[in-house]
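Read off the chains here:
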Amino acid sequence: MVHGARHGGRRSPERRTRRVTMSTDKAVKDDFLRQAAPYRRELLAHCYRMLGSVHDAEDQVQETYLRAWRSYDGFEGRSSLRTWLHRIATRTCLTALESRGRRPLPTGLGEPSADPYDALVEGSEVPWLEPIPDAMAGAEHADPAAIVTSRESIRLALIAALQHLPPRHRAVLILRDVLKWRAAEVAEILDTTTTAVNSVLQRARARLDEVTPSQADLAEPTSAEERALLARYVRAFEEYDVAAIVELLTADAVWEMPPYTGWYQGAEKIGRLIGAQCPADGPGAMRLVPVRANGRPAFAVYLRAADGAHHAFALQVLTPTPTRVAHVAMFFDLRLFTTFGLPAVLPATPARPIASVP
């Protein structure tokens, strides 16, 4: 017993070496986490552009950090940490896309504008495109030039258009035109040649031009114009004034609302849709809470229920012009309220007055 205790009290050279190694490994991993943390938002934006889903993007960012953490010991600094992380994220997304179809909006299904009086058809089997909060994608709290660049690179029309590209074409276009990587860097990531990358980029740009809707090129309002327009928009919805809503839309405005497969073009047609299909029963039935999504103004819409409280109903992402709204994408996936940090039920009184709409 005494001998065993005395022997157990000694630390063998192997145990000391193992403890030193574990301590060193922990220091290396901690160093990785400290250096990699600032890139999380831009990696999320990158994965979102690739996948079209904020939820899938979050999963792939987690997978990227896990893979990078496991292999950080072998990272020899031949590229920047940022480039290395984007390389891992791109490959991770391409692997994920091997078993997934594209994520469209209703306008991307190839059907003509629907009749507003027809029954709504839910495409529950379609993996729909999802919006992303500006704050999650790094489109807030940056210098003005960075804000413009990041917001434009996540706008809903662009993300929807990217879904029409094959995954590798999508990766090439994002890496070259958004992240501004050199063709040789992209070729290394995709195990191909610079010539092949340039050829794919040319085809991807041409395809993007074919499928990008014209609304994406409309003039944007100034901050003051946008605030005034959005205040009127909120007032029209909260008063359930369909005529006022129609007045705020461009003549050829587009309205779509996944998971419903139909989409609607024309202010008058959209007005008929709202009047015929919206479950609101009059003024005060809806309340709108302003947020930012995909570099554009957005609203969380709450609908009054039988208990008198306003419950989460849908999330609208708008494309405004200086005087009107050209496009509304209305998402009925209630998981988005959690993603945007929004409550499921609003308090009894408005959180802020209409005049404070950003």
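The structure displayed is predicted, hence computed values, not measured ones. (Residues numbered from 1 in each chain as written. Predicted model: local features only at pLDDT ≥ 70, side-chain atom pairs only at ≥ 80, totals over all residues. Heavy atoms only, no water.)

### Some thoughts on the overall build of the protein
Next, step 1: Helix and strand counts for the protein stand at 15 helices and six strands.
Next, step 2: Within the protein, the fraction of its 358 residues that count as buried is 47%.
Next, step 3: Long-range pairs, those at least 24 residues apart, make up 68% of the contacts in the protein between residues at least 6 apart in sequence.
Next, step 4: For the protein, the accessible area works out to roughly 17,700 Å², and carbon and sulfur atoms hold 53% of it. (Helix = DSSP H or I, 4+ residues; strand = E, 2+ residues; numbered from the N terminus. Buried < 20%, exposed > 50% of the residue type's maximum accessible area, 1.4 Å probe, protein only. Contact = heavy atoms within 4.5 Å. Areas by Shrake-Rupley, 256 points an atom, 1.4 Å probe, with all protein chains shown as cover.)

### Notes on the pattern of salt bridges
For side chains bearing opposite charge, pairing can occur when the charged atoms are close.
Next, step 1: Inspection of every chain in the model, using the stated rule, returns 19 salt bridges.
Next, step 2: Between Asp31 and Arg34 there is a salt bridge, and its shortest N-O distance comes to 2.5 Å. Of this pair, Asp31 and Arg34 both sit in helix H2 (residues 13–36), three residues apart, roughly one helical turn.
Next, step 3: The network of salt bridges with shared partners includes Asp56, Arg100, Arg103, Glu130, Asp333 and Arg335. (Salt bridge = Lys/Arg side-chain N within 4 Å of Asp/Glu carboxyl O.)

### Re the packing of aromatic side chains
Next, step 1: Tallied over the full model, the rule gives nine aromatic pairs.
Next, step 2: Aromatic pair Phe313 and Phe332: ring centres 5.2 Å apart, planes at 90°, arrangement edge-to-face. Remark: Phe332 occurs in the loop between strand E6 (325–331) and helix H15 (335–339) and Phe313 occurs in strand E5 (residues 310–320); sequence separation between them is 19 residues.
Next, step 3: Judged by relative accessible area, which is 18%, Phe313 ranks as buried.
Next, step 4: Ring-pair connections join several aromatic residues into one group, and the members of that group are Phe32, Tyr65, Tyr72 and Trp84. (Phe/Tyr/Trp six-rings, centres within 6.5 Å; stacked < 30°, edge-to-face > 60°.)

### Thoughts on the sheet that holds strand E4 (residues 296–304)
In sheet architecture, strand pairing relies on hydrogen bonds along the backbone and comes in two forms, parallel and antiparallel.
Next, step 1: Pairing in this open sheet of six strands is mixed, and the strands run E2-E1-E6-E5-E4-E3 from one edge to the other. Every other strand in the sheet has two partners, leaving strand E2 (263–265) and strand E3 (286–293) as the edge strands with one partner each. On average, each strand axis in the sheet is tilted by 20° relative to the strand beside it, whichever way the strands run.
Next, step 2: As paired strands, E5 and E6 are joined by six bridges and run antiparallel to one another. Of the residues in E6, the one forming a bridge with Val317 is Ala329.
Next, step 3: Sheet strands in contact with helix H12 (residues 223–238) are strand E1 (249–256), E3, E4, E5 and E6, and its direction is about 150° off that of E3. (Pairing = 2+ DSSP bridges. Axes fitted to C-alpha atoms, helices over the stretch in contact; angles between N-to-C directions.)

### Brief notes about unusual backbone geometry
Next, step 1: In this structure, the amide linkage connecting Pro258 to the following residue, Pro259, adopts the cis form with an omega of 20°.
Next, step 2: Inspection of the secondary structure puts Pro259 in the loop between E1 and E2.
Next, step 3: Even without being a glycine, Lys180 presents a positive backbone phi close to 65°.
Next, step 4: Mapped onto the elements of the fold, Lys180 is located in the loop between helix H9 (167–178) and helix H10 (183–190).

### Details of the pairing of E1
Next, step 1: Within E1, six of the eight residues are buried, which leaves it mostly tucked inside the rest of the structure.
Next, step 2: In this sheet, E6 lies alongside E1 in parallel orientation, the contact comprising four bridges. Each bridged residue has a counterpart across the sheet, and for Trp255 the counterpart in E6 is Val328.
Next, step 3: Where E1 meets E2, three bridges bridge the pair, whose relative direction is antiparallel. Within E2, the residue paired with Glu256 across the bridge is Trp263.
Next, step 4: Remark: six residues form the turn of the hairpin made by E1 and E2, two consecutive strands paired antiparallel.

### Observations concerning the packing of helix H3 (residues 40–51) against helix H5 (residues 81–97)
Next, step 1: Two numbers describe how H3 lies on H5: the axes approach to 10 Å, and their chain directions differ by 30°. One element, H3, and the other, H5, form an angle in the roughly parallel class. Like other packed secondary-structure pairs, H3 and H5 cross with a definite hand, here right-handed. For the pair formed by H3 and H5, the contact residues are Glu42, Leu43, His46, Cys47, Met50 and Leu51 on the first element and Arg82, Leu85, His86, Ala89, Thr90, Cys93, Leu94 and Leu97 on the second.
Next, step 2: Considered class by class, the residues forming the contact of H3 with H5 number nine nonpolar, three polar and two charged. (Parallel < 35°, antiparallel > 145°, perpendicular 65-115°, else oblique. Left-handed = near helix turned anticlockwise from the far one by under 90°. Nonpolar A, V, L, I, M, F, W, Y, C, P; charged D, E, K, R; others polar.)

### Quick word on the confidence of the model for the protein
Next, step 1: With 84% of its residues at a pLDDT of 70 or more, the protein has an overall mean of 88.
Next, step 2: Low pLDDT, under 50, characterises residues 1–8; the stretch is placed with zero contacts to residues that sit more than four places away or in other chains.
Next, step 3: Here residues 350–358 is a poorly scored stretch, pLDDT under 50, and it has 17 contacts once near neighbours within four places are set aside; other chains count. (pLDDT = per-residue confidence, 0-100.)

### Describing H9
Next, step 1: An ideal rise of 1.5 Å per residue puts 16 Å on 12 residues; H9 measures up with 15 Å between its terminal C-alpha atoms.
Next, step 2: Those residues of H9 that fall on the buried side of the exposure criterion are His169, Arg170, Ala171, Val172, Leu173, Ile174 and Leu175.
Next, step 3: Packed against the buried residues of H9 are H3, H5, helix H8 (156–162), H10 and helix H11 (194–211).
Next, step 4: Directly after H9, the chain includes Lys180, whose backbone phi takes a positive value near 65°. (Expected span 1.5 Å × (residues − 1).)

### Describing the environment of Trp69
Next, step 1: Structurally, the position occupied by Trp69 is in helix H4 (residues 54–71).
Next, step 2: Spatially, the C-alpha atom of Trp69 lies 6.6 Å from that of Lys29, the residues being 40 residues apart in sequence.
Next, step 3: Not counting residues within four places of it along the chain, the set of residues in contact with Trp69 comprises Lys29, Phe32 and Leu33.

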